[in-house]
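# Architecture and fold: a report
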Amino acid sequence: MSQVLIAPSMLAADFGNLQRDVEMINNSEADWFHIDVMDGHFVPNISYGMPVIEAMKKHATKPLDVHLMIEKPERYIEEFANVGADIITVHHESTVHLHRTLTQIEDAGCKAGVVLNLTTPVSVLEDILPKCFMVLIMSINPGFGGQKFEEITYQKVRKLRAMIDEQGLDTLIEIDGGVTNNNAQKLKEAGANVLVAGSYIFRAENPTNTIANLRQSLV
Ligand code: DX5
Ligand code: ZN
């Protein structure tokens, strides 16, 4: 399998120094920007929306991976595409007509992905998998950074990896929540392709080195 991608979560960035933090990621070994949009309904927290993403896009030299934690995301797909999203993921639990929403994302020129909450089984994706550029498996209850990684994630990743291989697909598996150098390698071994990390990177004394160390912890 090719190299695991690292996607720092900008939720943990310093919003007063957003350009500085975007440039830090540009100059680091990270691969994507992970951008968490929260509406205060689907998850208890509210983060940021289109204007802030547009501001990040102005400086970012790497793809924007936009994780929508909002109810009825189909209402806003084109707007997120217009402000610079490259990948848009929507929660399985947030949209009734998932196939239509994924088509909307593709039609807007973005790669489409589905996110599963901790307790949503990977089996719900069996029929829609060929349409998924990526599946994001939450390893925490979404809404906040800095939470503890939940161990049930490993078995979900292994099951999803088996489903993807069985169907002969190249769908990526992304993990989000509580990722550190303590679980990164084990997640890779379970079949993960993309690791999101927020507080682990931005709360470190030297975020650039922490990204490099995370990369080195993956053998
Ligand atoms: C939480 C978000 C995550 C969050 C991860 O709902 O989806 O992307 O920023 O933060 P850490 O890595 O601190 O758990
Ligand atoms: Zn996220």
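A brief report on the enclosed structure follows. (Residues numbered from 1 in each chain as written. Chains lettered and ligands numbered in written order. Predicted model: local features only at pLDDT ≥ 70, side-chain atom pairs only at ≥ 80, totals over all residues. Heavy atoms only, no water.)

### Quick look at unusual backbone geometry
- For Lys72, which is not glycine, the phi torsion reads 50° and is therefore positive.
- Relative to the helices and strands, Lys72 resides in the loop between β3 (64-69) and α3 (77-82). (Helix = DSSP H or I, 4+ residues; strand = E, 2+ residues; numbered from the N terminus.)

### A short note on the packing of aromatic side chains
- Counted according to the given criterion, the structure contains 2 aromatic pairs.
- When the centroid spacing of 5.6 Å and the interplanar angle of 80° are considered together, the rings of Phe15 and Tyr48 count as edge-to-face. With a gap of 33 residues between them, Phe15 in the loop between β1 (5-8) and α1 (18-26) and Tyr48 in the loop between β2 (33-38) and α2 (50-59) connect regions that are remote in the sequence.
- You can call Phe15 partly exposed: its relative accessible area is 46%.
- Using a relative accessible area of 9% as the deciding quantity, one classes Tyr48 as buried.
- Judged by centre distance (5.2 Å) and plane angle (55°), the ring pair of Phe149 and Tyr154 falls under tilted. Across the pair, Tyr154 and Phe149 agree in class, each one buried.
- Between the NZ or CZ atom of Lys186 and the centre of the ring of Tyr154, over which it lies, the distance is 4.2 Å. (Phe/Tyr/Trp six-rings, centres within 6.5 Å; stacked < 30°, edge-to-face > 60°. Buried < 20%, exposed > 50% of the residue type's maximum accessible area, 1.4 Å probe, protein only. Lys NZ or Arg CZ within 6 Å of the ring centre and 35° of its normal.)

### Quick look at the coordination of the zinc ion (ligand 2)
- Around the zinc ion (ligand 2), the protein contributes the donor atoms His34 (NE2), Asp36 (OD), His67 (ND1) and Asp176 (OD), at 2.0 to 2.3 Å from the metal centre.
- Mapping the donors of the zinc ion (ligand 2) onto the primary sequence gives the spacing H-x1-D-x30-H-x108-D. Taken as a pair, His34 in strand β2 and Asp176 in strand β7 (residues 172-176) lie far apart in primary sequence, 142 residues in all.
- Judged by its relative accessible area of 7%, Asp176 is buried. (Donors = N, O, S within 2.8 Å, 3.2 Å for Na, K, Ca; no water.)

### Remarks on the site of ligand 1
- Looking at ligand 1, there are 21 residues lining it, with Ser9, Gly143, Asp176, Gly198 and Ser199 nearest.
- A distance of 3.4 Å separates an oxygen atom of ligand 1 from a polar atom in the side chain of His34.
- Here an oxygen atom of ligand 1 sits 2.7 Å away from a polar atom, N or O, in the main chain of Gly198.
- Spatially, ligand 1 is embedded in the largest pocket.
- Examining the composition of the shell around ligand 1, we find that 3 residues originate from one element, β2, more than from any other.
- The residue makeup of the shell around ligand 1, split by class, is 9 nonpolar, 10 polar and 2 charged. (Near = heavy atom within 4 Å. Polar contact = N/O pair within 3.5 Å; in protein donor to acceptor, adjacent residues only side chain to side chain. 1 Å grid on protein atoms, 1.4 Å probe; cavity = no way out; pocket = protein on both sides within 12 Å on 5 of 7 lines; lining within 4 Å. Sits in = over half its atoms within 2 Å of the grid points. Nonpolar A, V, L, I, M, F, W, Y, C, P; charged D, E, K, R; others polar.)

### Examining the layout of surface pockets
- One number sums up the size of the largest pocket: a volume of about 340 Å³.
- Together, 27 residues line the largest pocket, and Phe144, Gly145, Gly146, Gly198 and Ser199 are the ones closest to its centre.
- Contributions of two or more residues to the lining of the largest pocket are made by β2, β3, β8 (194-197) and α7 (199-202).
- The biggest single contributor to the lining of the largest pocket is α7, with 3 residues.
- Per-class residue counts for the lining of the largest pocket are 13 nonpolar, 11 polar and 3 charged. (Points joined across faces, edges and corners; volume = space filled by probe spheres on them.)

### Comments concerning the sheet that holds β2
- Taken in spatial order, the 8 strands line up as β1-β8-β7-β6-β5-β4-β3-β2 in an open sheet, and their pairing is parallel. The open sheet terminates on both sides in strands that have one partner only, identified here as β1 and β2. Direction aside, the axes of adjacent strands within the sheet are offset by 25° on average.
- As judged from the 4 bridges shared by β1 and β8, these two strands associate in the parallel manner. Each residue of the ladder has a partner; that of Pro8, found in β8, is Ala197. (Pairing = 2+ DSSP bridges. Axes fitted to C-alpha atoms, helices over the stretch in contact; angles between N-to-C directions.)

### Digging into the pattern of salt bridges
- Scanning all chains against the criterion turns up 7 salt bridges.
- For the salt bridge of Asp21 with Arg20, the shortest nitrogen-to-oxygen distance reads 3.1 Å.
- Between Asp31 and Arg215 there is a salt bridge, with its nearest N and O atoms 2.7 Å apart. In this pair, Asp31 sits in the loop between α1 and β2 while Arg215 sits in helix α8 (residues 207-217), placing the two residues 184 residues apart along the sequence. (Salt bridge = Lys/Arg side-chain N within 4 Å of Asp/Glu carboxyl O.)

### Observations concerning the environment of Asn193
- By secondary structure assignment, the location of Asn193 is in the loop between α6 (184-190) and β8.
- Residues Asn193 and Ile175, spaced 18 residues apart in sequence, show a C-alpha to C-alpha distance of 8.2 Å.

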